[in-house]
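Chain residues, written in single-letter form:
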Amino acid sequence: MNSEDLFTSCLTNCEVVDRGFIKSLGSEYEVTQVVGGTRQTTNYVYVYVNGCFVNIKRLRGSRLVSRTRRRRNMTEEVYRVPRDVLDGKVILNLSFSTSGHFSAETYTTDEGVVKRCSCDLLKDDESALKTALMFCPVGDEWDIVKQYLDLVPKLSRETIDIVRRSGAEIHTGSAERLSDVLRRPGFSILICMALTTTQGRVQCLLINMAHVLELYAAAKVVEALDGVSLSGWSTWFTGNVPLTTVKSRITGREYTIFYQPSILPHTLSIMVPDARGLPKHLVPDIVIFEGRIDYVGWGKLMDLVNQGKTPNLLIEVKLGIKRMRWEEPQYVIEQMSEYIKLLRPRNTVLVSLSNIDPGLRKRLEELGVAVFDNITSETTQNNFKNYIVKALSTQ
C-alpha cells in the first residue's frame, strides 16, 4: 500500500466538526498546536503535501501569529494558513496527555468547513510505522530512524523471549513510552516523529534505543546464568524497586538486579545550593547484588553499600552513537569513575552497541572496567556470557 492509499478510504468517511485547533476565518484557517515533548498536554499538527507530512509551521504560506508560553517546556503556537493551501489536504493532529497517552486523529478542510475522518492510524503497529515513514525529515534524523528499525524490533523480541523463558513478563507500569518501544516499535517511531525538531526526534529515538539495549543487556545476564525469575520484571526508573530477582541454575545462587537505580537523590545538585564537588552521576544502568533484596527507597542504593553489601556487578550500557552528551568519552569516564568510587562494585562492565574508540577503551580498562563493544555480534556475546558466569560465580 502506498502513502496515498493509506488515506483513500478514510477520507471518504468524514463528518463536520467544530474543533478548537482549526478555525475558519474567512479566507484563512487558524491552526493551533502546543509543543513541548510527549509527556504533557501537547498536540502537533501535520499536513500531507508533496508526498510527506510537514509540520504546520513549515507549511508553505503558513505564518505565525502568536506564541505563548504556557508552562515549563510548553508553548502554544497559533498559525494562519490561506484556505486554498489547506483545503483538501490530509491533516494529522497528534496529541499527548500528561500520563503519556497518545492519539492520532485525521482531519481535512473544504471551503471553510473542518471535517474529522475515520482513519485509525493506530489500529496496529504496521499502520503506525507506515504513517511514521511518511513524515518529511527536518534534518538528518533518518539515519537514526534506519538504525532504530534495524535494532529495536529485533532486540525487543529477543529480550521479551529471554524474560519469558526465565518464567516472567516485563511490566513497565506507568512508563508508557518504554512499553511502546518494547511491544510496538512502529508506534514508538511515530511518537518520536511527532516532534518538530531534528534534536527532539533524534533524542527521542536514541533514548528509546538505549532503554531497549539496557534491558537486552540485563536479559543477557539472566540468560548467561540460566536464571529463573523469582518475580516479574518491573521497570521503575530511579525508584530502587528491583527489576527482578533470579536464581541461577549454574551457580545455584540468587541475585537481585536493579535497573537504573538511584545511588543518592539524583536531584542532589539541584537540592544543594552550592553543589560543587558533589557527585553528578548517580543512576547506573544495571547493578546486581547476590541474594534477595527488596525495595530500598528512592535515592538510597548507597545505604546498601554503607550496610556492607557490595554489588557483585555494575553494567553501564552505551549506544556508541555520539549524538548526545552522555555518549562523549569524557562523560563516560567521569560517569564510570563516580560509580566505582561510590558503589565499589566487585566487577564493572561497559557494554556498547558500536565499537569503542581505542583511547576510551584504554582509559576504561585503566579504571578496571571490562569493555564489551559490538554487543550484538556472536563473538562478543559469547565473551560476555563467559565473563558474567565467572564474575557472578566468584565470592
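Remember, predicted model here, so these are calculated numbers, not experimental data.

**Q** Describe the sheet that holds strand 18 (residues 348-352), listing the residues and the values that go with them.
**A** Read across the open sheet, the seven strands follow the order 12-14-15-16-17-18-19; overall the sheet is mixed. Lying at the two open borders of the sheet, with one neighbouring strand each, are strand 12 (227-229) and strand 19 (369-372). Sheet twist, expressed as the average angle between the axes of neighbouring strands with direction ignored, equals 25 degrees. Across three bridges, the pairing between strand 16 (residues 286-290) and strand 17 (residues 313-318) is antiparallel. What sits directly across from I286, in strand 17, is I315. Strands in contact with helix 7 (residues 198-224) are strand 12, strand 14 (244-248), strand 15 (254-259), strand 16 and strand 17; relative to strand 17, the strand with the most contacts, it is inclined by about 145 degrees.

**Q** An account of the pairing of strand 7 (residues 74-82) is requested, with residue identities and associated values reported.
**A** Where strand 3 (residues 28-35) lies against strand 7, eight bridges are found, and the strand directions are antiparallel. Pairing of Y29 across the sheet is with V81, part of strand 7. With seven bridges connecting them, strand 6 (residues 63-71) and strand 7 associate as antiparallel partners. Residue R63 lies in a different strand from strand 7, and its bridge partner there is R80. If you look at the hairpin formed by strand 6 and strand 7, you'll find two residues sitting between the two strands, and N73 has a positive phi there, around 65 degrees.

**Q** Tell me about the layout of surface pockets, and please be specific about residues and values.
**A** What the largest pocket holds in volume is close to 1,700 Å³. Lining of the largest pocket is provided by 47 residues; of these, Q203, I207, H211, Q260 and W326 occupy positions nearest its centre. When residues of the lining of the largest pocket are assigned to their parent elements, the largest contribution, nine residues, is made by helix 7. Its residues assigned to classes, the lining of the largest pocket shows 16 nonpolar, 21 polar and ten charged.

**Q** Any chance you could break down the packing of aromatic side chains for me, citing the residues and the numbers?
**A** Under the definition given, this model contains twelve aromatic pairs. With 5.5 Å between their ring centres and 40 degrees between their planes, F53 and F135 make a pair best called tilted. Pair noted here: F53 is in strand 5 (residues 52-55) and F135 is in the loop between helix 3 (125-132) and helix 4 (142-165), with a separation of 82 residues, a long-range link. Residues F53 and F135 agree in their burial class; the two are buried. Here the aromatic residues Y44, F96, F102 and F187 are joined through ring pairs into a cluster of three or more. Positioned over the ring face of F187 is R184, at 3.9 Å from the centre of the ring.

**Q** Give me the packing of helix 3 against helix 6 (residues 185-193): which residues, what numbers.
**A** Contact geometry for helix 3 and helix 6: axes closest at 7 Å, N-to-C directions at 30 degrees. Once helix 3 is placed against helix 6, the crossing between them reads as left-handed. On helix 6, the residues touching D125, A128, L129, T131 and A132 of helix 3 are P185, G186, F187, I189, L190 and M193. Along the lines of polarity and charge, the residues of the contact of helix 3 with helix 6 split into eight nonpolar, two polar and one charged.

**Q** Describe the pattern of salt bridges, naming the residues involved and giving the relevant values.
**A** Inspection of every chain in the model, using the stated rule, returns 24 salt bridges. In this structure, the salt-bridge partner of E158 is K154, at a minimum N-O distance of 3.7 Å. With E158 and K154 both in helix 4 and four residues apart, the pair spans about one turn of that helix. For E158, a relative accessible area of 21% corresponds to the partly exposed category. Exposure remark for K154: the relative accessible area of 42% places this residue in the partly exposed category.

The rules behind the values
- Residues numbered from 1 in each chain as written.
- Predicted model: local features only at pLDDT ≥ 70, side-chain atom pairs only at ≥ 80, totals over all residues.
- Heavy atoms only, no water.
- Pairing = 2+ DSSP bridges.
- Helix = DSSP H or I, 4+ residues; strand = E, 2+ residues; numbered from the N terminus.
- Axes fitted to C-alpha atoms, helices over the stretch in contact; angles between N-to-C directions.
- Contact = heavy atoms within 4.5 Å.
- 1 Å grid on protein atoms, 1.4 Å probe; cavity = no way out; pocket = protein on both sides within 12 Å on 5 of 7 lines; lining within 4 Å.
- Points joined across faces, edges and corners; volume = space filled by probe spheres on them.
- Nonpolar A, V, L, I, M, F, W, Y, C, P; charged D, E, K, R; others polar.
- Phe/Tyr/Trp six-rings, centres within 6.5 Å; stacked < 30°, edge-to-face > 60°.
- Buried < 20%, exposed > 50% of the residue type's maximum accessible area, 1.4 Å probe, protein only.
- Lys NZ or Arg CZ within 6 Å of the ring centre and 35° of its normal.
- Left-handed = near helix turned anticlockwise from the far one by under 90°.
- Salt bridge = Lys/Arg side-chain N within 4 Å of Asp/Glu carboxyl O.

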